[in-house]
Amino acid sequence: MYRKIRMGMIGGGPGSFIGGVHRMAATLDGKIELVCGCFSSSPEKSKETGKALLLPPDRVYASWQEMIEKEAALPEDVRMDFVSIVTPNHVHFAPAMMALEKGFHVSLDKPMTFTLDEARQLAAKVKETGKLFLLTHTYTGYPMVKEARARVARGELGKIRRIYVEYPQGWLYNDRIAGNKQAEWRVDPQRAGKAGCMGDIGTHAFNLAEYITGLKATEICGELKTFVPGRLLDDDGAALIRYEGGARGVLMASVIAIGCENSLRIRVFGEKGGLEWAQEEPNTLYMRWPDRPMEVIRTSTPYVSPIAAYNTRIPAGHPEGYLEAFANLYRNFATALGALIAGEEPTPESLDFPSAEEGVRGMQFIETIVSTGDTDKKWLKL
């Protein structure tokens, strides 16, 4: 592959946090270039963003429908190769579906869609078209998360018994969110969907547990709670989870945990040992044993697994964080896409990114845990 992968973007205009993160992550490795976009539902704001990003005016569109239609009509050596969709949840399904139908590959922010039915339709379309689909569950991009997954797969922990995963934040502890674009849509059922906290960050915790352990959740006993008066969606919740193979889990997520910043943490215990990883100290993985001292595993050291080394960027002792993990997803996606464009088979390493299956799993989790509040039944199947 002797050219950059051409990316279009839907969303990510003025006031967007995640749009800028996607752009930085996608372009970090020099494999992807932004060539077009519809950055806002306001044509004026879309043009404003396109101008700030130095895009040609004729490649900045007034609507996502116009963008996909006009890009599809361009010559193959000019049009975008894939679209990155970074909108609120209610504007995930339609542009992703149209992009796939028009022959484009898709990168989509999580959760995958507004409803589980939409997620299943989108996954079926991905399979039908054979297009690449990236779901940006960022935390799977960290080298030490991949190291944890590799060690579990090698059997170092033995059969998995217990999984604890938590994601507390404190930024929505009160109702003073007016003017905060990121907060406003996350507490609005018309834009966020059935779940608030659990849909936004609980899905990350759920995905991380399945990714590291390789085990699928089968049943959930959960509780959602809305603490802030007048709020329409959950801002806190917890679940007991049963996994295939007999493992048991506990998941907690909250946006009213005052003082917590982005405290995603997972602990996994098996018959032989345990591990622990935390997002706020992402370059370290702790391994615990019954008969010897705890091991501290660090990124970019000679003893990490090949997949962790592949996703490590700089020498040991130099901090790697959120942007680099995000960029790993885009780097792998771009490498796989470049291989397809060149008529080659993508490597297993390049295909190591969350896709449509993980998106459906996330929506199953949301639908199931929300349903637990509507029934007296203790356990619900995913």
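Right, let's walk through the structure included here. (Residues numbered from 1 in each chain as written. Predicted model: local features only at pLDDT ≥ 70, side-chain atom pairs only at ≥ 80, totals over all residues. Heavy atoms only, no water.)

Considerations on the overall build of the chain
Note the following rule: Strands here are runs of E lasting at least two residues and helices are runs of H or I lasting at least four, both read from the DSSP assignment and numbered beginning at the N terminus. Based on C-alpha atoms, the radius of gyration is set beside the globule rule, defined as 2.2 Å times the residue count to the power 0.38. Partly exposed describes any residue whose relative accessible area lies between the buried limit of under 20% and the exposed limit of over 50%, with all areas from a 1.4 Å probe on protein chains only and scaled to the type maximum. The criterion used for residue contact is that any of the two residues' heavy atoms lie within 4.5 Å. Each accessible area is a Shrake-Rupley result for a 1.4 Å probe, and residues are judged covered by the shown protein chains and nothing else. Think of it this way: Lys and Arg go in the positive column, Asp and Glu in the negative one, and His and the chain ends go nowhere. Charge placement uses NZ in Lys and CZ in Arg. For Asp and Glu, CG and CD serve respectively.
The number of helices and strands found in the chain is 12 helices and 14 strands. Over its C-alpha atoms the chain spans a radius of gyration of 21 Å, differing by no more than 12% from the 21 Å that the globule rule assigns to 382 residues. If you line up the chain on its principal axes, its C-alpha atoms span 65 × 50 × 40 Å. Looking at the 382 residues of the chain, the share that counts as buried comes to 57%. Taking contacts inside the chain between residues at least 6 apart in sequence as the whole, the part at least 24 apart equals 69%. As displayed, the chain has an accessible area near 16,400 Å², and 53% of this comes from carbon and sulfur atoms. Computed over 46 positive and 48 negative side-chain charges, the separation of the two mean positions in the chain equals 2 Å.

What to know about the packing of aromatic side chains
To be explicit about the condition: The pairing test for Phe, Tyr and Trp rings, Trp by its six-membered ring, is centres within 6.5 Å, and the orientation test on the planes gives stacked under 30 degrees, edge-to-face over 60, and tilted for anything in between. Definition used: whenever NZ (Lys) or CZ (Arg) falls within 6 Å of the ring centre and also within 35 degrees of the ring normal, the charge is taken to sit over that ring.
Counted by the stated rule, this structure contains 11 aromatic pairs. With centroids separated by 5.2 Å and ring planes inclined at 55°, the aromatic side chains of Y142 and W277 adopt a geometry described as tilted. Pair noted here: Y142 is in the loop between β5 (133–135) and α6 (143–153) and W277 is in strand β11 (residues 274–278), with a separation of 135 residues, a long-range link. Look at W277 and you get buried, because its relative accessible area is 0%. Residues Y164 and F269 carry aromatic rings whose centres are separated by 6.3 Å and whose planes lie at 75° to one another, so their mutual orientation is edge-to-face. Highlighted residues: Y164 in strand β6 (residues 160–168) and F269 in strand β10 (residues 265–270), separated in sequence by 105 residues. Classification of Y164 as partly exposed rests on a relative accessible area of 30%. The positively charged end of R242 is found above the aromatic ring belonging to W379, 3.8 Å away from the centroid. In this structure, R292 is placed above the aromatic ring of W289, and the distance from its NZ or CZ to the ring centre is 4.1 Å.

What about the environment of T284?
Here is the rule we go by: Each polar contact in these results corresponds to two N or O atoms within 3.5 Å; when the atoms are within protein, one needs to be able to donate a hydrogen and the other to accept it, and residues that are neighboring in sequence are counted only if both atoms are side-chain atoms.
Relative to the elements of secondary structure, T284 occurs in strand β12 (residues 284–288). Take T284: its relative accessible area is 3%, and that puts it in the buried class. In sequence terms T284 and I297 are 13 residues apart; their C-alpha atoms lie 5.7 Å from each other. Among the polar contacts made by the side chain of T284, one reaches the side chain of E281 at a distance of 3.3 Å. A distance of 2.6 Å separates a polar atom in the side chain of T284 from a polar atom in the side chain of R298.

Considerations on the sheet that holds β6
For clarity, the cut-off: In this analysis, strands are considered paired if DSSP registers two or more bridges between them. Axis geometry follows a simple rule: fit a line to the C-alpha atoms, using only the stretch in contact for helices, then measure angles between N-to-C directions, giving values from 0 to 180 degrees.
Strand order in the open sheet formed by nine strands is β13-β12-β11-β10-β6-β9-β8-β7-β14, and the pairing between neighbours is mixed. Sheet topology places β13 (295–298) and β14 (380–381) at the edges, where each strand pairs with a single neighbour. Of the pairings in the sheet, the one linking β6 to strand β9 (residues 248–254) comprises seven bridges and is parallel in character. Among the inter-strand pairings, R162 is bridged to a residue of β9, identified as R248. Across the sheet, helix α12 (residues 356–371) is in contact with β7 (217–225), β8 (236–243), β9 and β14; its angle to β7 comes to roughly 50°.

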